[in-house]
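Residue-level structural notes
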Amino acid sequence: MTDGGPARGDAAVRSGPGRVLVAVYGVFALAATSRAGVQIATKFAEAPLAYLLSAFAAVVYIVLTLALARGSRRVALVACAIELAGVLIVGTLSLADPAAFPHATVWSRYGSGYGFVPLVLPVIGLFWLIRHRKPAS
Amino acid sequence: MTSAYSSWLIGGALLVALVGVVTAIRDRPMGPVLLAALALLEVALLVQAGMAVAAIGRVEEKATFIGYLAGTIVIPPAAVWWGRAERTRWGPGVIAVAAFTVAVMTGRLLQIWNGTTP
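In this text the structure is predicted, and so the values were computed from the model without any measurement.

So, the packing of helix α2 (residues 17–43) of chain A against helix α3 (residues 48–70) of chain A
All names here are of chain A.
- Where α2 contacts α3, the axes come no closer than 8 Å and their chain directions differ by 155°. Overall, the two elements α2 and α3 adopt an arrangement that is roughly antiparallel. Handedness of the α2/α3 crossing: left-handed. Facing α2, whose interface residues are Leu-21, Val-22, Tyr-25, Gly-26, Phe-28, Ala-29, Ala-32, Thr-33, Ala-36, Gln-39, Ile-40 and Lys-43, α3 presents Tyr-51, Ser-54, Ala-55, Ala-58, Tyr-61, Ile-62, Leu-64, Thr-65, Leu-68 and Ala-69.
- Partitioned by chemical class, the residues of the contact of α2 with α3 number 16 nonpolar, 5 polar and 1 charged.

As for the side chain of Thr-101 of chain B
- With respect to the helices, strands and loops of the structure, Thr-101 of chain B is situated in helix α4 (residues 90–114).
- A distance of 2.7 Å separates the side chain of Thr-101 of chain B from the backbone oxygen of Val-97 of chain B, its partner in a polar contact.
- Residues contacting Thr-101 of chain B, with those up to four places away along its chain left out, are Val-27 of chain A together with Ile-75 of chain B.

Topic: the confidence of the model for chain A
- Put simply, chain A has an average pLDDT of 83, and 88% of its residues get 70 or more.
- This model gives residues 1–7 of chain A a pLDDT under 50, and the stretch forms 3 contacts once residues within four places in sequence are excluded.

Some words on the pattern of salt bridges
Residues and elements named next belong to chain B.
- Per the counting criterion, the structure on display carries 2 salt bridges over all chains.
- Across the salt bridge formed by Asp-27 and Arg-89, the nearest N and O atoms sit 3.1 Å from each other. Of this pair, Asp-27 sits in the loop between α1 (3–25) and α2 (32–54) while Arg-89 sits in the loop between α3 (62–85) and α4, and the two are 62 residues apart along the sequence.

Some words on the nonpolar core
- Core analysis: the largest hydrophobic core is formed by 36 residues, its most contacted members being Tyr-25, Tyr-61, Leu-64, Leu-68 and Trp-107 of chain A.
- When residues of this core are traced back to their parent elements, those giving at least two are α2, α3, α4 (73–96) and α5 (117–131) of chain A together with α4 of chain B.
- Residues contacting Tyr-25 of chain A, with those up to four places away along its chain left out, are Tyr-61, Leu-64, Thr-65, Leu-68, Cys-80, Glu-83, Leu-121 and Pro-122 of chain A.

Here we look at the environment of Gly-71 of chain B
- With respect to the element layout, Gly-71 of chain B can be found in helix α3.
- The spacing of Gly-71 of chain B and Met-51 of chain B is 20 residues in sequence and 16 Å in space, taken between C-alpha atoms.

Here we look at the packing of aromatic side chains
- Using the criterion set out here, one finds 7 aromatic pairs over all chains in the structure.
- Relative to Trp-82 of chain B, the ring of Trp-81 of chain B has its centre 6.4 Å away and its plane inclined at 55°; by these criteria the two rings are tilted.
- Judged by relative accessible area, Trp-81 of chain B falls into the exposed class, the value being 62%.
- Among the aromatic residues, those joined into a cluster by ring pairs are Tyr-25, Phe-28, Phe-56, Tyr-61, Trp-107 and Tyr-114 of chain A.

Concerning α2 of chain A
- Here α2 of chain A spans 38 Å end to end across 27 residues, near enough to the 39 Å set by a 1.5 Å rise per residue.
- For α2 of chain A, the full list of buried residues reads Gly-18, Val-20, Leu-21, Val-22, Ala-23, Val-24, Tyr-25, Phe-28, Ala-29, Ala-32, Ala-36 and Gln-39 of chain A.
- Buried-residue contacts for α2 of chain A involve α1 (11–14), α3, α4 and α5 of chain A together with α3 and α4 of chain B.

Quick look at the interface of chain B and chain A
- Across the contact, 10 residues belong to chain B and 10 residues belong to chain A.
- Overall, the association of chain B and chain A removes approximately 950 Å² of surface from exposure, summing both partners, and the carbon and sulfur fraction of that is 77%.
- The largest per-residue losses of area from chain B upon contact with chain A belong to Trp-82, Trp-90 and Val-97 of chain B, which jointly make up 48% of the total buried on that side.
- One can count 1 salt bridge joining chain B with chain A.
- Here Arg-19 of chain A ties to Glu-86 of chain B by a salt bridge, and the two come within 2.1 Å at their closest N and O atoms.
- Its residues placed into classes, the side of chain B that touches chain A shows 6 nonpolar, 3 polar and 1 charged.

Focus: a nonpolar patch on the surface
Residue and element names in this part refer to chain A.
- Together, Ile-40, Phe-44 and Leu-52 give the surface a local cluster of nonpolar side chains, amounting to about 240 Å² of exposed area.
- Relative to the elements of secondary structure, Phe-44 occurs in the loop between α2 and α3.
- Under the relative-accessibility criterion, Phe-44 is labelled partly exposed at 32%.

Looking at the packing of α3 of chain A against α4 of chain A
Residues and elements named next belong to chain A.
- Interhelical geometry of α3 versus α4 gives an angle of 150° and a closest axis separation of 9 Å. Comparing their axes, α4 and α3 come out roughly antiparallel. In this structure, α3 crosses over α4, and the sense of that crossing is left-handed. Contacts from Leu-53, Phe-56, Val-60, Tyr-61, Val-63, Leu-64, Ala-67 and Leu-68 of α3 reach α4 at Val-75, Ala-76, Ala-79, Cys-80, Ile-82, Glu-83 and Val-90.
- Residues belonging to the contact of α3 with α4 are distributed by class as follows: 14 nonpolar, no polar and 1 charged.

What counts and how
- Residues numbered from 1 in each chain as written.
- Chains lettered and ligands numbered in written order.
- Predicted model: local features only at pLDDT ≥ 70, side-chain atom pairs only at ≥ 80, totals over all residues.
- Heavy atoms only, no water.
- Axes fitted to C-alpha atoms, helices over the stretch in contact; angles between N-to-C directions.
- Helix = DSSP H or I, 4+ residues; strand = E, 2+ residues; numbered from the N terminus.
- Parallel < 35°, antiparallel > 145°, perpendicular 65-115°, else oblique.
- Left-handed = near helix turned anticlockwise from the far one by under 90°.
- Contact = heavy atoms within 4.5 Å.
- Nonpolar A, V, L, I, M, F, W, Y, C, P; charged D, E, K, R; others polar.
- Polar contact = N/O pair within 3.5 Å; in protein donor to acceptor, adjacent residues only side chain to side chain.
- pLDDT = per-residue confidence, 0-100.
- Salt bridge = Lys/Arg side-chain N within 4 Å of Asp/Glu carboxyl O.
- Core = buried A, V, L, I, M, F, W, Y, C linked by side-chain atoms within 4.5 Å.
- Buried < 20%, exposed > 50% of the residue type's maximum accessible area, 1.4 Å probe, protein only.
- Phe/Tyr/Trp six-rings, centres within 6.5 Å; stacked < 30°, edge-to-face > 60°.
- Expected span 1.5 Å × (residues − 1).
- Buried area = accessible area lost by both parts, 1.4 Å probe.
- Patch = residues over 30% accessible without salt bridge, like charges linked within 9 Å, V, L, I, M, F, W, Y side chains within 5 Å.
- Areas by Shrake-Rupley, 256 points an atom, 1.4 Å probe, with all protein chains shown as cover.

Rendered as structure tokens:
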């Protein structure tokens, strides 16, 4: 008989449109993880920085998928902020110094290889999480 | 796996995605039509996987290829499970995302298969 405390998660975050967010993040977690896995396993020496960033992005997507699915608002908020910062920083760096990013990561050129979804997704995620802030939590 | 078959598959997956979007806009949960469409899509994906594995020798990036192949097979059942759990318009919303993902992944499979990876 809990009233949806932090241990149980916030049901409002994970139901309704939240499910679509979880699905999209799940796809990206899968895509980024397998891409990073293949890159690191087969040709890590070619571009260690880019591949480590790929792996980092994958971890962020996995954390976000789990946090949204479990309704852990705070974790999801932090991860969304990191994701947004990541895509902006990596996107800018990849344009400013293409030599450092000879091989694409999820976040290269603001995620243009993925239809700019990586750029739009954290904004939608933050909007969704903030709109469903519990009053006086 | 042939280009023609996979192209039809991409078209079919996009059609399922469209039905999902329309269902979501009409504010209905997943019905028998979407369920049947996803089942059909899954069968078509299994056939594609069978054809692909039978001639895996011609593929250069085997790891990536098999990863995508496995992904396409897992996604429709997951979408069905989700569509049943979320009995609102957002169930079909998830299904639309899933079907679109299958279309994109099949497109990537086709690129790797034909060796036209950008």
